[in-house]
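# Tertiary structure, described
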Amino acid sequence: MSSLRNAVKTQREHRERHQPQSRQHLGALEKKKDYKKRAKDQNRKKNALKLLTKKALNKNPDEFHYHMVNSELKDGVHYERVKDEELAVGHVRQDLTYITHRRTIERKKIEKLKAQLHLLETDSEKPKNSHVLFVDDEKEGSYVCVGRRGHRWHDIMQWL
């Protein structure tokens with residue numbers, strides 16, 4: 001049992017100290033995990049800068065890309081050369097197709113909303129749905145007239 005007691009003593013967790021009260025105005029004390037995170041990020045950025053500088057030094061000034069034909073450099077800033085006619089015709093065609101597409105979408109939305117609202121329309125006093133009452137002879141049908149009297153269905157069933 002003594003060996004188990006000694007094993008527990010050696011496995012105590014190491015805790016880092018807190019910021020002393022006199023240095024509280026300097027902010028939180030940087031712990032090891034914070035330092036590792038900051039150092040890893042700094043090294044990653046340093047390596048990225050080193051790689052970019054190496055690429056810039058190895059760049060060939062006589063290198064040619066086809067994109068260079070339609071672009072130019074003014075005061076150190078890249079600009080695209082664009083022909084006005086192509087831009088206008090292309091954009092108008094795109095705009096028309098987009099507008100027709102949006103119009104059909106909106107029309108379908110309107111139709112769907114109208115289909116949902118068909119129960120709320122009360123244009124006429126007469127309801128669209130009606131009950132058909134089948135009777136054996138005209139004598140039974142003479143005293144039951146649902147349209148004029150406005151009786152409920154269970155009242156009609158009692159009369160029959």
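Here's what I pulled together on the structure shown here. (Residues numbered from 1 in each chain as written. Predicted model: local features only at pLDDT ≥ 70, side-chain atom pairs only at ≥ 80, totals over all residues. Heavy atoms only, no water.)

## As for the pattern of salt bridges
If you walk through the whole model with that rule in mind, you get six salt bridges. Residue aspartate 41 is joined to arginine 44 by a salt bridge in which the shortest nitrogen-to-oxygen separation is 2.7 Å. Of this pair, aspartate 41 and arginine 44 both sit in helix α2 (residues 32–57), three residues apart, which is roughly one turn of the helix. For aspartate 41, a relative accessible area of 29% gives the class partly exposed. When its relative accessible area of 52% is taken as the criterion, arginine 44 is described as exposed. The salt bridge involving arginine 81 is made with glutamate 72; its shortest N-O contact spans 3.8 Å. Of the residues examined, glutamate 72 reaches a relative accessible area of 26% and is grouped as partly exposed. Within the structure, one salt-bridge network assembled from shared partners comprises Asp41, Arg44 and Lys45. (Salt bridge = Lys/Arg side-chain N within 4 Å of Asp/Glu carboxyl O. Helix = DSSP H or I, 4+ residues; strand = E, 2+ residues; numbered from the N terminus. Buried < 20%, exposed > 50% of the residue type's maximum accessible area, 1.4 Å probe, protein only.)

## Observations concerning the side chain of glutamine 19
Tracing the backbone through its elements, the reader meets glutamine 19 in the loop between α1 (2–10) and α2. Look at glutamine 19 and you get buried, because its relative accessible area is 11%. A distance of 3.3 Å separates the side chain of glutamine 19 from the backbone oxygen of arginine 23, its partner in a polar contact. From its side chain, glutamine 19 meets the backbone oxygen of glycine 27 in a polar contact 2.8 Å long. Excluding its chain neighbours within four sequence positions, the residues that come into contact with glutamine 19 are Gln24, Leu26, Gly27, Ala28 and Leu29. (Polar contact = N/O pair within 3.5 Å; in protein donor to acceptor, adjacent residues only side chain to side chain. Contact = heavy atoms within 4.5 Å.)

## Observations concerning the packing of aromatic side chains
This model, assessed by the stated rule, comprises one aromatic pair. Taking the centre distance of 5.4 Å and the plane angle of 75° together, the rings of phenylalanine 64 and tyrosine 66 count as edge-to-face. The aromatic ring of tyrosine 79 is capped on one face by lysine 74, whose charged end is 5.9 Å from the ring centroid. (Phe/Tyr/Trp six-rings, centres within 6.5 Å; stacked < 30°, edge-to-face > 60°. Lys NZ or Arg CZ within 6 Å of the ring centre and 35° of its normal.)

## Some remarks on unusual backbone geometry
As a rule of thumb, non-glycine residues mostly have phi less than zero, and peptide bonds are mostly trans rather than cis. Backbone geometry at aspartate 75 places phi at a positive 55°, although glycine is not the residue there. Its location among the elements puts aspartate 75 in the loop between β1 (71–74) and β2 (77–80).

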